[in-house]
Amino acid sequence: MARINFDLQELQAFVAVAERASFRAAAEDLNLSQPALSRRIEKLEDLLGARLLERTTRRVALTHVGRIFLERARGAIDELERAVLSIGDLAAQRGGLVTVACVPSVAYYFLPAIVREYAERFPRIRVRIIDETAHTVLNSVVTGRADFGISFFGTQEPDVDFKAVLREDFVLAVRRDHPLAARRSVSWEELSQERFMTVAKESGNRLLIDDALAKSGKRTVSAFEVSHVMTLLGLVEAGLGVAAVPQLAMPPAGHATLAGIKLEHPRVTRSLGLISRRGRPLAPAAQQLYNLVLLAGKGAKRGSPKQA
């Protein structure tokens, strides 16, 4: 790849002459002498190996190559200015606040490592986490209460951009001393013999499970219903039964008490994504955290550790 040996000043000089069609006017705009301006243009043309401007005693005009290069030079200058402004904004927000709304099943095990890395990079930026239901997460983003959200709802909302991060399975959470803990997989039909626990019907996770089971002609009867997935895991740890939970809600492999078993027939999945207000760019500090979540999602796609 050829090395670029010209600098921003030469690009600015060329753009100024092209826009004013005059070396004198461009030199005045840039507070340069006309000879100094001419040297910058000549250096740029020498480095490019092409003439950009046709000069006569009466006018200055762009060559064919000059017209093409002008558009690209303007784009390069604009992009550099945006980058500088973004860094300036981020520096100005060193002591600012980023608010992310996140469903609890993701907040407990998936999000903390991301926030830790973010805090190490930007120690003076505070992070507020709204760990609520999928509906509350969506509403927090739409109303501007949160900078962005992490959820599995939002794909149908006209004012929201949904960027998929990963697709995860629901697994069966059991105690390690439960007979099913030795299994590689369990069918939903087998759960009729177990004390099954679930989240309430108002939960987005419950809607996904009920919809998948209805399509396959299956159904479950729950012994206990709770509002949050993490409460379910507490009941499983207490030996009160088994529960279907998203993979990311499970603790890492090797947990002393809990194990996650693959659920089949049907396989129930959910698409987790980042949601943000459409047409409203994130502030630089929020964008940095958003990018870290995306990166972590790509890592999780390569395969979460098995919970058996």
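This is a predicted model, so every value here is computed, not measured.

About the cut-offs
- Residues numbered from 1 in each chain as written.
- Predicted model: local features only at pLDDT ≥ 70, side-chain atom pairs only at ≥ 80, totals over all residues.
- Heavy atoms only, no water.
- Helix = DSSP H or I, 4+ residues; strand = E, 2+ residues; numbered from the N terminus.
- Buried < 20%, exposed > 50% of the residue type's maximum accessible area, 1.4 Å probe, protein only.
- Contact = heavy atoms within 4.5 Å.
- Core = buried A, V, L, I, M, F, W, Y, C linked by side-chain atoms within 4.5 Å.
- Phe/Tyr/Trp six-rings, centres within 6.5 Å; stacked < 30°, edge-to-face > 60°.
- Salt bridge = Lys/Arg side-chain N within 4 Å of Asp/Glu carboxyl O.
- Expected span 1.5 Å × (residues − 1).
- Arc of directions from axis to C-beta.
- pLDDT = per-residue confidence, 0-100.

**Some remarks on the overall build of the protein chain**
When you go through the protein chain residue by residue, the secondary structure sums to ten helices and twelve strands. Expressed as a percentage of its 308 residues, the buried residues of the protein chain come to 43%. Intrachain contacts of the protein chain at a sequence separation of at least 6 include 75% that bridge at least 24 residues.

**Here we look at the nonpolar core**
Ranked by size, the top nonpolar core spans 38 residues in total, and within it V106, Y118, F148, I150 and L274 carry the most contacts. Secondary-structure elements contributing two or more residues to this core are β3 (97-102), α5 (104-107), α6 (111-121), α7 (134-142), β5 (148-151), β6 (160-175), β12 (269-277) and α10 (284-301). Take this core: its biggest share by element is seven residues, from α10. Apart from the residues lying within four places of it in its own chain, the contact partners of Y118 are V98, I125, V127, A285, Q288, L289 and L292.

**Quick look at the packing of aromatic side chains**
Tallied over the full model, the rule gives four aromatic pairs. Ring geometry for F148 versus Y290: centroids 5.4 Å apart, planes at 75°, classification edge-to-face. Taken together, the positions of F148 in strand β5 and Y290 in helix α10 put the pair 142 residues apart, joining distant regions of the chain. For F148, a relative accessible area of 0% gives the class buried.

**Thoughts on the pattern of salt bridges**
Throughout the structure, instances matching the rule amount to 15 salt bridges. Residue R24 pairs with E28 through a salt bridge whose shortest N-O separation is 3.3 Å. In this pair, R24 and E28 both sit in helix α2 (residues 23-30), four residues apart, roughly one turn of the helix. Note on E28: relative accessible area 55%, which makes it exposed. The residue R206 makes a salt bridge to D210 at a minimum N-O spacing of 2.9 Å. Taken together, the residues R206 and D210, both in helix α8 (residues 204-216) and four residues apart, mark about one turn of the helix. For R206, a relative accessible area of 10% translates into the label buried. Each of R206, D210 and E225 takes part in one network of salt bridges that share partners.

**Description of helix α1 (residues 8-20)**
The end-to-end C-alpha separation of α1 is 18 Å, in line with the 18 Å expected for 13 residues at 1.5 Å each. One or two positions beyond α1, positive phi appears at A21, with a value near 55°.

**Thoughts on helix α9 (residues 229-237)**
Spacing of three or four residues puts side chains on the same side of an α-helix, whose turn is 3.6 residues. For α9, the complete set of buried residues consists of V229, L232, L233, L235 and V236. Within α9, the buried residues cover an arc of 160° as seen down the axis, which keeps them to one side. Remark: G239 follows α9 within two positions and exhibits a positive phi of approximately 80°.

**Notes on the environment of R58**
With respect to the helices and strands, R58 occurs in the loop between β1 (53-55) and β2 (60-62). Given the relative accessible area of 79%, R58 is considered exposed. Along the backbone, R58 and S22 are 36 residues apart, and their C-alpha atoms lie at a distance of 9.3 Å.

**What to know about the confidence of the model for the protein chain**
When pLDDT is low, close inspection of the predicted coordinates is not appropriate. Per-residue confidence for the protein chain averages 84 on the pLDDT scale, and 89% of its residues sit at or above 70. Ranking the elements of the protein chain by mean pLDDT puts helix α4 (residues 64-92) last with 73 and β5 first with 94. Low pLDDT (under 50) marks residues 302-308, which in the prediction has 15 contacts with non-local residues, meaning those over four places away or in another chain.

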